[in-house]
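The lines below spell out each chain.
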Amino acid sequence: MNSDEVIEHLVSAIRQAETVLCQDVVNALEQAKEEESGAARVQLEAMLKNVDAARDGSIPMCQDTGIQTFIVHVGAKFPGLSSLRSQIIDAVRRATSEIPLRPNTVHPFTGENPGDNVGEHIPYISWDIVDGDTCVIDLLPKGGGSENCGALGMLPPGVGIKGVKRFVVDYVVGCAGKPCPPGIVGVGIGGGADLSLKLAKLSLLRPVGSRHPEGNVAALEEELRDLINTSGIGPMGMGGKTTCLDVHIEYAHRHPASLPVGIVYQCWSDRRARVTIDAHGKIEVT
Amino acid sequence: MERILTTPISELQARGLHVGDVIYITGTIFTARDEAHLMMLEHGEPLPIDGLAVYHCGPVVQKKDDKWRIVSAGPTTSARMEIFEDRFLEKFPVRVIIGKGGMGENTLAALHKVGAVYTHYTGGAGALAARAISEVSDVYWLDKLGMPEAVWVLSVEEFGPLTVTMDAHGESLYDTVGKTVSENMKTIHDRIERST
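Residues numbered from 1 in each chain as written. Chains lettered and ligands numbered in written order. Predicted model: local features only at pLDDT ≥ 70, side-chain atom pairs only at ≥ 80, totals over all residues.

J.: Looking at this structure, I do not really get the overall build of chain A. What am I missing?
T.: Along the backbone of chain A there are eight helices and nine strands. Here the C-alpha radius of gyration of chain A, 19 Å, is about what a compact globule of 286 residues would show, namely 19 Å. Expressed as lengths along the three principal axes of its C-alpha atoms, the size of chain A is roughly 50 × 50 × 40 Å. Counting every position in chain A, which comprises 286 residues, the buried fraction comes to 50%. The contacts of chain A with a sequence gap of at least 6 include a subset with a gap of at least 24, amounting to 79%. (Helix = DSSP H or I, 4+ residues; strand = E, 2+ residues; numbered from the N terminus. Rg over C-alpha atoms; globule rule 2.2 N^0.38 Å. Buried ≥ 20, exposed ≤ 12 C-beta atoms within 10 Å, placed from the backbone. Contact = placed C-beta atoms within 7 Å.)

J.: Is there a simple way to explain the overall build of chain B in this structure?
T.: Secondary structure assignment for chain B yields seven helices and nine strands. Taken over the C-alpha trace, chain B has a radius of gyration of 18 Å; the compact-globule value for 196 residues is 16 Å, and the two agree within 12%. Each of the three principal axes of chain B carries a C-alpha extent, and together these read 65 × 40 × 35 Å. Counting across all 196 residues of chain B, residues that qualify as buried make up 49%. Excluding contacts between residues fewer than 6 apart, the proportion of contacts in chain B whose partners are at least 24 apart in sequence is 67%.

J.: Can you walk me through the interface of chain A and chain B in this structure?
T.: Frequently, the measure chosen for interface size is the accessible area removed from exposure when the parts meet. Contacts between the two partners involve 41 residues from chain A, matched on the other side by 42 residues from chain B. Looking at which element gives the most residues to the side of chain A that touches chain B, the answer is helix H3 (residues 38–57) of chain A, with 10 residues. The residue makeup of the side of chain A that touches chain B, split by class, is 21 nonpolar, 14 polar and six charged. (Nonpolar A, V, L, I, M, F, W, Y, C, P; charged D, E, K, R; others polar.)

J.: So what exactly am I meant to see when it comes to the sheet that holds strand S1 (residues 69–75) of chain A here?
T.: Working definition: the strands of a sheet are paired by backbone hydrogen bonds and lie parallel or antiparallel to each other. Residues and elements named next belong to chain A. Ordered by their spatial adjacency, five strands build an open sheet running S2-S1-S3-S8-S9, and the pairing between neighbours is mixed. For this open sheet the edge positions go to strand S2 (124–130) and strand S9 (283–285), each flanked by a neighbour on one side alone. If you compare each strand with its neighbour and ignore which way they point, the axes differ by 15° on average. Across three bridges, strand S8 (residues 273–277) lies against S9 in antiparallel orientation. Paired with threonine 276 across the two strands is glutamate 284, which belongs to S9. (Pairing = 2+ DSSP bridges. Axes fitted to C-alpha atoms, helices over the stretch in contact; angles between N-to-C directions.)

J.: Looking at this structure, how should I read unusual backbone geometry?
T.: Residues other than glycine predominantly adopt negative phi, and peptide bonds predominantly adopt the trans conformation. With omega at 5°, the peptide bond leading from A:Ile122 into A:Pro123 counts as cis. Checked against the element boundaries, A:Pro123 lands in the loop between helix H4 (84–98) and S2. In this structure, B:Pro161 follows B:Gly160 across a cis peptide bond, with omega equal to 10°. Within the secondary structure layout, B:Pro161 lies in strand S9 (residues 151–166). A positive phi angle, close to 45°, is found at A:Ala176, a residue other than glycine. Along the polypeptide, A:Ala176 turns up in the loop between helix H6 (160–175) and strand S5 (183–191). A positive phi angle, close to 50°, is found at B:Asp65, a residue other than glycine. With 5 C-beta atoms packed within 10 Å, B:Asp65 lands in the exposed category.

J.: What am I meant to see in the nonpolar core here?
T.: Considering soluble globular proteins, one finds that nonpolar side chains tend to be buried as a cluster. Ranked by size, the top nonpolar core spans 142 residues in total, and within it B:Ile29, B:Phe30, B:Val96 and B:Val117 carry the most contacts. When residues of this core are assigned to their parent elements, the largest contribution, nine residues, is made by H3(A). Excluding residues within four positions of it along the chain, B:Ile29 makes contact with B:Leu52, B:Ala53, B:Tyr55, B:Ile98, B:Leu154, B:Val156 and B:Phe159. (Core = buried A, V, L, I, M, F, W, Y, C linked by C-beta atoms within 7 Å.)

J.: What's the story with the environment of A:Ala273 in this structure? I'm lost.
T.: Residues and elements named next belong to chain A. Mapped onto the fold, alanine 273 is located in strand S8. For alanine 273, a count of 22 C-beta atoms within 10 Å corresponds to the buried category. Spatially, the C-alpha atoms of alanine 273 and glycine 132 are 21 Å apart, while their sequence positions differ by 141 residues.

J.: Which parts of the structure should I look at to understand the sheet that holds strand S7 (residues 259–266) of chain A?
T.: Residue and element names in this part refer to chain A. Spatial ordering of the open sheet is given by S4-S7-S5-S6, a layout of four strands whose pairing is mixed. In the strand order of this sheet, the two ends are held by strand S4 (151–155) and strand S6 (244–254), each with one partner. Going from strand to strand, the sheet's axes swing by 15° on average, the running direction of each strand aside. By the bridge criterion, eight bridges tie S5 to S6 in an arrangement that is parallel. Across the sheet, isoleucine 184 pairs through a bridge with aspartate 246, a residue of S6. Running at roughly 145° to S5, helix H7 (residues 193–203) makes contact with S4, S5, S6 and S7 of the sheet.

J.: Explanation requested: the pairing of strand S7 (residues 117–120) of chain B in the structure shown.
T.: Consecutive residues of a regular strand have side chains that alternate between opposite faces of the sheet. All names here are of chain B. The side-chain alternation of S7 yields two buried faces, one formed by Val117 and Thr119 and the other by Tyr118 and His120. Pairing of strand S6 (residues 96–99) with S7 involves four bridges; the strand directions are parallel. For isoleucine 97, the partnering residue across the bridge sits in S7 and is tyrosine 118. Both S7 and S9 contribute to a ladder of three bridges, which runs antiparallel.

J.: Help me out: how do you make sense of H7(A) in this one?
T.: Of all the positions in H7(A), only A:Ser196, A:Leu197, A:Leu199, A:Ala200, A:Lys201 and A:Ser203 are classed as buried. The secondary structure elements touched by the buried residues of H7(A) are S4, S5, S6 and S7 of chain A.

J.: Before we go on, may I ask you to explain the environment of B:Glu105 in this structure?
T.: Residues and elements named next belong to chain B. Note that glutamate 105 resides in helix H4 (residues 105–114). With 13 C-beta atoms packed within 10 Å, glutamate 105 lands in the partly exposed category. Here the alpha-carbon distance between glutamate 105 and arginine 3, two residues 102 residues apart in the chain, equals 26 Å.

J.: Would you mind going over helix H1 (residues 3–19) of chain A with me for this structure?
T.: Given 3.6 residues per turn, any residue in an α-helix points the same way as the ones three and four places further on. Residues and elements named next belong to chain A. The end-to-end C-alpha separation of H1 is 24 Å, in line with the 24 Å expected for 17 residues at 1.5 Å each. Of all the positions in H1, only Val6, Ile7, Leu10, Val11, Ala13, Ile14, Gln16, Ala17, Glu18 and Thr19 are classed as buried. Where H1 is buried, its residues meet H3, H4, strand S3 (135–139), S8 and S9. (Expected span 1.5 Å × (residues − 1).)

J.: Just to check I follow, could you spell out the packing of H1(A) against H4(A) for this structure?
T.: In a packed pair of helices, the relevant descriptors are the angle between the two axes and the axis-to-axis distance. All names here are of chain A. Between H1 and H4, the least distance of the axes is 8 Å, while the angle of their chain directions is 50°. By the angle between their directions, the pair H1 and H4 is classed as oblique. The chirality of how H1 crosses H4 is right-handed. On H4, the residues that touch Ser3, Val6, Ile7, Leu10, Val11, Ile14 and Arg15 of H1 are Gln87, Ile88, Asp90, Ala91, Arg94, Ala95 and Glu98. Of the residues contributing to the contact of H1 with H4, the split by class is eight nonpolar, two polar and four charged. (Parallel < 35°, antiparallel > 145°, perpendicular 65-115°, else oblique. Left-handed = near helix turned anticlockwise from the far one by under 90°.)

Here you go:
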């Protein structure tokens, strides 16, 4: 496996995520624009113009290029595993100077910023071992404004799914325009405190409009989306019908005494890309 | 209504704007986030800023051939500046604030007092903003504050669309939206209660 080639493809995947908005999100923003008027429509028009400007100029859509996040699903028999971590880190350093990205890693105690988007535990890499010999790396660079609108509710199980609905809707509506709506609300239900938030983040990898394979979960996704959109917060909190483009839910079994609900919000600039590497070193960026 | 304002913007022009107006700015604007606000309040303005617009923004900037170039420069969340924006407005005669998410009642009162407006620029529209910035004319406190927090002085052409969301007449779009949302939340909670 050619290491330079892996790094090069990872850099181009970061560039793609930062500069080209996925078509499912563009479609959803265009549809929202048709349904809005006044200040809300001005916002959506500016977003779509921004998408064009970023793609045409190959420049980051948002100046907050985020914390670089990689969700790795690696086959147990994938031959390139041993050097993958260092390749991801090298790719982040190169992307920071080449694209360029804003230096976004700050030491929490000293305030020092190394300037290359690399630091303790950052880039954030999540490792999941799967069957087979292929490696799939999902990129989800995420800005601070929307990440600040994440939340954890350790609800008493007695409140039931109704309580989950209240928690999610009240929280997201309370954030108003802060997370750059209309975005995607990721919800993780069950597991523990950490797992519910992790599931919420993983749910953001799904395209806008995709539904959970289980019917009752899919119905809850649509119900929450419609409830949030009844709030009237609208694009960028300026009032309107579109407060979120979608709600995605993932769940885990829970402890009898716990009902954790994790919320991770992704802004309208829902940046995603995927790198697939097969056992022979053939690489694809999508 | 839509209009293009050229800096320096007068107090009269600012007082002539109302919530819902969409403006574009041509001329000079400068960035200031949390740290730059504190620096200016302590040390004074680094450039003459009468009639300019202050932009809540931490841009991505690149140096090429010894010249700074803005890569991406969308707005940051203005609410963080609420703790000192009223003092800032009373000390420095800017006429337009550009940011996102809106600000609170202290800023609203100061806008009325000094004759200025708060305008909302689309969050995340960093590439669109960069296209309207023709030049970086200066930068202050870069070494001390770093790239996102430094004061970047920018020449802009038809920078916008900027929606006036808080005006000098005490009106705030956020208050109006907030009232509508509170009403709607009653319906939403009813629907949740009735759901299975």
